[in-house]
Amino acid sequence: MAASAASSVHGAPGGIAYAEGRIVSGYKFGDQPKVIGRPLPPLQVAAPKSPSVEIRWDDFNYPPLLRLIHFDISELQWKLRPTVRLLNCVYLLTTAAVVVNLFDTILLAAMGSVPVQWIIQAMLHVLLFPPAALGVFYLGYRGLAARDQALLFRYHIAQGALAAMSFFVALFPYRCINGVLRLAFVPAVGNGSGFSGLW
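About the thresholds
- Residues numbered from 1 in each chain as written.
- Predicted model: local features only at pLDDT ≥ 70, side-chain atom pairs only at ≥ 80, totals over all residues.
- Heavy atoms only, no water.
- Helix = DSSP H or I, 4+ residues; strand = E, 2+ residues; numbered from the N terminus.
- Buried < 20%, exposed > 50% of the residue type's maximum accessible area, 1.4 Å probe, protein only.
- Contact = heavy atoms within 4.5 Å.
- Expected span 1.5 Å × (residues − 1).
- Polar contact = N/O pair within 3.5 Å; in protein donor to acceptor, adjacent residues only side chain to side chain.
- pLDDT = per-residue confidence, 0-100.
- 1 Å grid on protein atoms, 1.4 Å probe; cavity = no way out; pocket = protein on both sides within 12 Å on 5 of 7 lines; lining within 4 Å.
- Points joined across faces, edges and corners; volume = space filled by probe spheres on them.
- Nonpolar A, V, L, I, M, F, W, Y, C, P; charged D, E, K, R; others polar.
- Core = buried A, V, L, I, M, F, W, Y, C linked by side-chain atoms within 4.5 Å.
- Axes fitted to C-alpha atoms, helices over the stretch in contact; angles between N-to-C directions.
- Parallel < 35°, antiparallel > 145°, perpendicular 65-115°, else oblique.
- Salt bridge = Lys/Arg side-chain N within 4 Å of Asp/Glu carboxyl O.

Visitor: Which residues make up the overall build of the chain, and what are the values?
Guide: Helix and strand counts for the chain stand at five helices and zero strands. Sequence-ordered secondary structure for the chain, helices as α and strands as β, is α-α-α-α-α. When the 199 residues of the chain are sorted by exposure, 28% land in the buried category. Looking at the chain alone, contacts between residues at least 24 apart form 46% of all its contacts between residues at least 6 apart.

In structure tokens, the structure reads:
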């Protein structure tokens with residue numbers, strides 16, 4: 001009685017053996033089995049500060065304290081970062097040069113070598129040259145980040161003018177501009193004149 005019941009369960013239509021036979025007979029070797037249910041969506045992992053992150057141009061964070069432009073080198077592609085670092089160094093060097101020039105002018109004025117009015121002129125240079133250098137840097141930085149050829153063209157023109165001006169103020173002395181050749185006109189300390197008075 002139990003044997004006949006078991007055979008009817010396994011062999012009858014709708015039984016376990018019958019269902020397994022239908023599944024095996026319907027499957028061919030090499031076929032891709034069908035997935036039951038809805039497939040999971042692809043997993044996407046975005047690393048923070050990845051090179052593909054969107055640049056937030058309206059987040060003004062540079063220079064520190066002033067916050068005039070947006071600058072975050074971690075938002076750039078890796079291949080652009082060395083170039084942008086050099087552009088930023090040009091801006092920093094220009095700012096440092098005019099600040100040092102201001103202190104030199106104050107020192108020379110204290111020695112009586114130059115008029116006191118030159119201190120005011122040197123202060124004006126501190127107010128004018130760094131913003132100009134910052135604007136040139138921003139043209140190059142944004143032109144590279146956005147791949148904007150018009151901005152890059154403007155950067156090359158502006159950077160060329162800034163480089164020529166920097167060469168002039170670094171070499172030739174004129175009023176409060178203390179180029180390297182200013183040393184030839186420094187009053188002698190002791191015997192001699194010009195450069196010889198410094199040694």
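Visitor: Break down helix α5 (residues 149-171) for me, citing the residues and quoting the values.
Guide: A turn of α-helix holds 3.6 residues, and therefore any two residues three or four places apart point the same way. End to end, α5 covers 33 Å across 23 residues, agreeing with the expected 33 Å (1.5 Å per residue, within 8%). Along α5, the residues classified as buried are L151, L152, Y155, Q159 and L162. Turning to α5, the residues buried within the fold contact α3 (81-110) and α4 (117-146). For α5, the capping residue at the N-terminal end is D148, with a side-chain oxygen 3.0 Å from the backbone nitrogen of A150.

Visitor: Account for the environment of L124, naming residues and giving values.
Guide: Inspection of the secondary structure assignment puts L124 in helix α4. Linking L124 and V98, residues 26 residues apart in sequence, is a C-alpha distance of 9.6 Å.

Visitor: Account for the confidence of the model for the chain, naming residues and giving values.
Guide: Of all residues in the chain, 65% have pLDDT values of 70 or greater, and the mean over the chain is 76. Scored below 50 in pLDDT, residues 5-9 makes three contacts in the model with residues more than four places away or belonging to other chains. Under a pLDDT of 50 for its full length, residues 39-51 has, in the predicted model, nine contacts with residues more than four places off or in other chains.

Visitor: How would you summarise the layout of surface pockets if you had to cite specific residues and measurements?
Guide: In this model, the largest pocket occupies a volume close to 370 Å³. For the largest pocket, the lining is made up of 17 residues, of which A97, V98, S166, V169 and A170 are closest to its centre. Only α3, α4 and α5 provide two or more residues apiece to the lining of the largest pocket. Looking at the lining of the largest pocket, the element that brings in the most residues is α3, giving eight residues. By residue class, the composition of the lining of the largest pocket is 11 nonpolar, five polar and one charged.

Visitor: Could you give an account of the nonpolar core, with specific residues and numbers?
Guide: Judged by nonpolar contacts, the single largest core of 19 residues is most densely connected at Y62, F71, V84, F137 and Y141. Here this core gets six residues from one element, more than from any other, and that element is α4. In this structure V84 touches F71, L76, F137, Y141 and L144, once residues within four positions along its chain are discounted.

Visitor: Break down the environment of F153 for me, with residues and values.
Guide: Its location among the elements puts F153 in helix α5. In the structure, F153 is positioned 13 residues away from G140 in sequence and 8.9 Å away in space, judged by C-alpha atoms.

Visitor: Now, about the packing of α3 against α4: what can you tell me, with residues and values included?
Guide: Closest axis-to-axis distance for the α3/α4 pair is 9 Å, and the angle between their directions is 180°. When the axis of α3 is compared with that of α4, the two are roughly antiparallel. The residue makeup of the contact of α3 with α4, split by class, is 20 nonpolar, eight polar and no charged.

Visitor: Lay out the pattern of salt bridges in plain terms, naming residues and giving numbers.
Guide: Working definition: two side chains of opposite charge can pair if their charged atoms are close together. Under the defined criterion, the tally for this structure stands at two salt bridges. Note that D59 is salt-bridged to R56, the shortest N-O span being 3.7 Å. A single network of salt bridges, built from pairs that share partners, joins R56, D59 and E75.

Visitor: Explain unusual backbone geometry to me, using residue names and the numbers behind them.
Guide: At the junction of Y62 and P63, the peptide bond is cis and its omega measures out at -5° in the coordinates. Mapped onto the elements, P63 comes out in the loop between α2 (16-26) and α3. One non-glycine residue with positive phi stands out, namely L65, at about 80°. Position of L65 among the secondary structure elements: in the loop between α2 and α3. Accessibility expressed as a relative area gives 83% for L65, which makes it exposed. Of note, R147 is a non-glycine position whose phi angle comes to about 55°, a positive value.

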